[in-house]
Amino acid sequence: MDEADNFNFNKYWGPDDYRPRVVFKRCSDMQCVYCGEIANTREHCPSKVFLAKPYPADLPVVPACEKCNNGFSSDELYTKVFIEAYEQHCSYKSKTSLSERKEVKEARRKFEECISSGEIHFDNRISRILIKLAICHMTYELTTGFYKDTWEGVPEYVSYTFRPNMTTEEIESWDDFIIMNDNLLPIIGSRAFNHIYVLEPVLSAFDDKGEVIKKPFIVMDWIDVQDNNYRYVCWLDKTYMNILIAIDEFLYAKVMFKQKNNLSEGG
Ligand SMILES: [Zn+2]
């Protein structure tokens, strides 16, 4: 085993005053990532319902209070089942079916409704879960986005689409690094620094304005939680906290929170 194998990508090196909200550690003062109250439970991000067994050993966790932690499980199961029903409908994946709980039946019925009407509607329960996942990811990676700090619980933008409704180019674009041109770096010591790389320019590299990139540039890489099941990336720009999430390589979501503070001054 070499040095790299021992390196803990989940370790938080940042300022101590953020620790209660971004590090889960029993017998310490922890604050709920969602509501800011005293936290006593561990919130996996993402929740295990979106992953397959065996689960990754180093699954990210943040502190949450019991009320918030339990408050999402029904909608999470609903979201997962809705995605699976669509996957099965398209023969994209055949999966073992989840137990016939209320949420499972509800999600399947909702999906059937959507398909027979010829349209996949925007679903409040699914978007609620995408926002919830986004909060966890930006807290964990960027050391921001938790309650009381930079948002008031209302994201500026949430959207999602499913693979069958996308062009090949659109799908491929979800494999790209995020180029950090005009973007801000997170607070020093944030976990996201483990996913930032400096790349040398190659002839085929273009920036977001279509100009050839001549100088080395900084990119943010995706975080693969589990191959083909779940990955995400989050970054900051001057106005927004941005989070992209790909579930099952089938649902592709973007969530944006407007920043209240200038985070470049926070690090
Ligand atoms: Zn809470």
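## Some thoughts on the packing of aromatic side chains
For step 1, the next point in the chain: Within this structure, the stated rule accounts for 15 aromatic pairs.
For step 2, the next point in the chain: Seen in terms of ring centroids, Tyr 34 and Phe 72 are 5.1 Å apart; in terms of plane orientation they differ by 55 degrees. Their pairing is tilted. On the criterion of sequence distance, the pair formed by Tyr 34 in the loop between α2 (19-22) and β1 (41-44) and Phe 72 in the loop between α3 (66-71) and α4 (73-89) is long-range, its members being 38 residues apart.
For step 3, the next point in the chain: Looking at Phe 72, the relative accessible area reads 12%, which means it is buried.
For step 4, the next point in the chain: Among the aromatic residues, ring-to-ring pairing joins Tyr 78, Phe 82, Tyr 86, Phe 111, Phe 122, Tyr 160, Phe 162 and Phe 250 into one connected group.
For step 5, the next point in the chain: Over the ring of Trp 13 we find Lys 11; its NZ or CZ atom is 4.9 Å from the centre of that ring.

## A closer look at the coordination of the zinc ion
For step 1, the next point in the chain: Protein ligation of the zinc ion involves Cys 32 (SG), Cys 35 (SG), Cys 65 (SG) and Cys 68 (SG), the donor distances falling in the range 2.3 to 2.4 Å.
For step 2, the next point in the chain: Around the zinc ion, the four donor atoms are arranged such that angles at the metal cover 100 to 115 degrees; this shape is classified as tetrahedral.
For step 3, the next point in the chain: Expressed as a motif, the donor residue spacing for the zinc ion is C-x2-C-x29-C-x2-C. Residue Cys 35 is located in the loop between α2 and β1, and its partner Cys 68 is located in helix α3; the two are separated by 33 residues in the primary sequence. Here Cys 35 matches Cys 68 in class, with each residue buried.

## A word on helix α6 (residues 124-142)
For step 1, the next point in the chain: The end-to-end C-alpha distance of α6, which contains 19 residues, comes to 26 Å, matching closely the 27 Å that a straight helix rising 1.5 Å per residue would cover.
For step 2, the next point in the chain: The buried fraction of α6 is high, at 17 of 19 residues.
For step 3, the next point in the chain: Two or three places before Arg 125, at the opening of α6, Asp 123 has a side-chain oxygen 2.8 Å from that residue's backbone nitrogen.
For step 4, the next point in the chain: With its phi angle positive at about 60 degrees, Thr 143 sits one or two positions after the end of α6.

## What about the sheet that holds strand β10 (residues 251-258)?
Two orientations exist for strands paired in a sheet by backbone hydrogen bonds: parallel and antiparallel.
For step 1, the next point in the chain: An order of β3-β10-β9-β8-β7 is seen for the five strands of this open sheet, with the pairing classed as antiparallel. The outermost strands of the open sheet, each flanked by one partner alone, are β3 (157-162) and β7 (223-226). Looking at each pair of strands side by side, their axes are set apart by 15 degrees on average, direction ignored.
For step 2, the next point in the chain: In the sheet, strand β8 (residues 230-236) pairs with strand β9 (residues 240-247) via seven bridges, with the strands oriented antiparallel. Considered in β9, the bridge of Cys 234 is made with Ile 243.
For step 3, the next point in the chain: Most of the contacts of α6 go to β8, to which it runs at about 65 degrees, and overall it touches β3, β7, β8, β9 and β10.

## Some points on the environment of Met 220
For step 1, the next point in the chain: Looking at the element boundaries, Met 220 is found in strand β6 (residues 217-220).
For step 2, the next point in the chain: Measuring from C-alpha to C-alpha, the distance between Met 220 and Phe 177 comes to 5.8 Å, with 43 residues separating the pair along the chain.
For step 3, the next point in the chain: Apart from residues no more than four positions distant in its own chain, Met 220 is found in contact with Phe 177, Ile 178, Met 180, Ala 192, His 195, Ile 196, Val 233, Cys 234 and Trp 235.

Procedures and definitions
Residues numbered from 1 in each chain as written. Predicted model: local features only at pLDDT ≥ 70, side-chain atom pairs only at ≥ 80, totals over all residues. Heavy atoms only, no water. Phe/Tyr/Trp six-rings, centres within 6.5 Å; stacked < 30°, edge-to-face > 60°. Helix = DSSP H or I, 4+ residues; strand = E, 2+ residues; numbered from the N terminus. Buried < 20%, exposed > 50% of the residue type's maximum accessible area, 1.4 Å probe, protein only. Lys NZ or Arg CZ within 6 Å of the ring centre and 35° of its normal. Donors = N, O, S within 2.8 Å, 3.2 Å for Na, K, Ca; no water. Tetrahedral: all angles 85-135°; square planar, octahedral: opposite > 155°, others 65-115°. Expected span 1.5 Å × (residues − 1). Polar contact = N/O pair within 3.5 Å; in protein donor to acceptor, adjacent residues only side chain to side chain. Pairing = 2+ DSSP bridges. Axes fitted to C-alpha atoms, helices over the stretch in contact; angles between N-to-C directions. Contact = heavy atoms within 4.5 Å.

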